[in-house]
Amino acid sequence: MSLPPKIYIRFVCFQTVGRQRTRLGLFKAIDEAVESEHAESWAIAEARQQCGWFNANLAIPKQFSTGGHRGFGQPGLSWFKPSAAEHIQRMHALKVALEACGVHVEVLTTRDPGLIVWQDEHQVVAEPRGRTF
């Protein structure tokens, strides 16, 4: 019996980060969302609550690149591991809150996030090998 392939998951907004080809992650979008004139009070409260939970329950990656040219100039991107069920569930709740504030969120999945440069129990950081996510 073969094991199912690992599917990594990433939540992003359509706004790009500076001159990089990567899109804005949800944690970076929270401040923008709560300042939006479209933000509803329940959505702001939910976004802040989820952000607080992640601050307490998700490590900040210690490394975002190998320091070489393997990432084609792009820093590594954070992806949730398939086993991070509660984290993924809470990201979906954050997605709902941000979308109520007018921030569109897309859920990306991949079997190959790229060259993994850091990981913990819940997430990996991988250089995307020149691909755009």
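All values reported here derive from a predicted model rather than from experimental measurement.

1. Some points on the pairing of strand 6 (residues 123–127)
- Here strand 6 lies mainly inside the structure; 5 of its 5 residues are buried.
- For strand 3 (residues 77–80) and strand 6, the ladder comprises 4 bridges, and the chain directions are antiparallel. Paired with Trp79 across the bridge in strand 6 is Val124.
- Summarising the sheet, strand 5 (residues 115–119) and strand 6 pair through 4 bridges and their orientation is antiparallel. In the strand pairing of strand 6, Gln119 is matched with Val124.
- Counted between consecutive antiparallel strands, the loop separating strand 5 from strand 6 contains 3 residues.

2. Some points on the packing of aromatic side chains
- According to the stated counting rule, one finds 3 aromatic pairs in the structure shown.
- Consider the rings of Phe27 and Phe54, whose centres lie 5.1 Å apart with planes at 65°: the pair is edge-to-face. Here Phe27 is found in helix 1 (residues 26–34), whereas its partner Phe54 is found in helix 2 (residues 41–57), with 27 residues between them in sequence.
- Phe27 gets classed as partly exposed once you look at its relative accessible area, which sits at 38%.
- Given a relative accessible area of 3%, Phe54 falls into the buried group.

3. Section: the packing of helix 1 against helix 3 (residues 85–100)
- At a minimum axis separation of 11 Å, helix 1 and helix 3 run at an interaxial angle of 30°. By the angle between their directions, the pair helix 1 and helix 3 is classed as roughly parallel. In the crossing of helix 1 with helix 3, the sense of the turn from one axis to the other is left-handed. Taking contact as the criterion, the partners of Leu26, Phe27, Ala29, Ile30 and Ala33 in helix 1 are, on helix 3, Met91, Leu94, Lys95 and Leu98.

4. A closer look at the nonpolar core
- Membership of the largest hydrophobic core comes to 26 residues, with the highest contact counts inside it found for Phe11, Cys13, Leu26, Phe80, Met91, Leu94 and Leu98.
- Elements that contribute at least two residues to this core include exactly strand 1 (8–16), helix 1, helix 2 and helix 3.
- Contacts of Leu26, omitting those with residues within four sequence positions, involve Phe11, Val12, Cys13, Met91, Leu94, Lys95, Leu98 and Val105.

5. Quick word on helix 2
- If you check helix 2, its first and last C-alpha atoms are 24 Å apart, about what 17 residues at 1.5 Å a residue would give, namely 24 Å.
- Elements in contact with the buried residues of helix 2: helix 1, strand 3 and helix 3.

6. What about helix 1?
- Along helix 1, the residues that are buried comprise Leu26, Ala29, Ile30, Ala33 and Val34. Summarising the axial view, the buried residues of helix 1 lie within an arc of 125°, below the 170-degree limit, and thus occupy one face. Among the exposed residues of helix 1, those oriented more than 90 degrees off its buried face are Lys28 and Asp31.

7. Some words on the pattern of salt bridges
- Applying the stated criterion across every chain yields a total of 2 salt bridges.
- Note that Arg90 is salt-bridged to Glu86, the shortest N-O span being 3.3 Å. Placement of both Arg90 and Glu86 in helix 3 is noted, with a separation of 4 residues, approximately one turn of the helix.
- Given the relative accessible area of 41%, Glu86 is considered partly exposed.
- Lys95 is paired through a salt bridge with Glu99; the nearest N and O atoms lie 3.2 Å apart. Taken together, the residues span about one helical turn, with Lys95 and Glu99 both in helix 3 at a distance of 4 residues.

Cut-offs and rules
Residues numbered from 1 in each chain as written. Predicted model: local features only at pLDDT ≥ 70, side-chain atom pairs only at ≥ 80, totals over all residues. Heavy atoms only, no water. Buried < 20%, exposed > 50% of the residue type's maximum accessible area, 1.4 Å probe, protein only. Helix = DSSP H or I, 4+ residues; strand = E, 2+ residues; numbered from the N terminus. Pairing = 2+ DSSP bridges. Phe/Tyr/Trp six-rings, centres within 6.5 Å; stacked < 30°, edge-to-face > 60°. Axes fitted to C-alpha atoms, helices over the stretch in contact; angles between N-to-C directions. Parallel < 35°, antiparallel > 145°, perpendicular 65-115°, else oblique. Left-handed = near helix turned anticlockwise from the far one by under 90°. Contact = heavy atoms within 4.5 Å. Core = buried A, V, L, I, M, F, W, Y, C linked by side-chain atoms within 4.5 Å. Expected span 1.5 Å × (residues − 1). Arc of directions from axis to C-beta. Salt bridge = Lys/Arg side-chain N within 4 Å of Asp/Glu carboxyl O.

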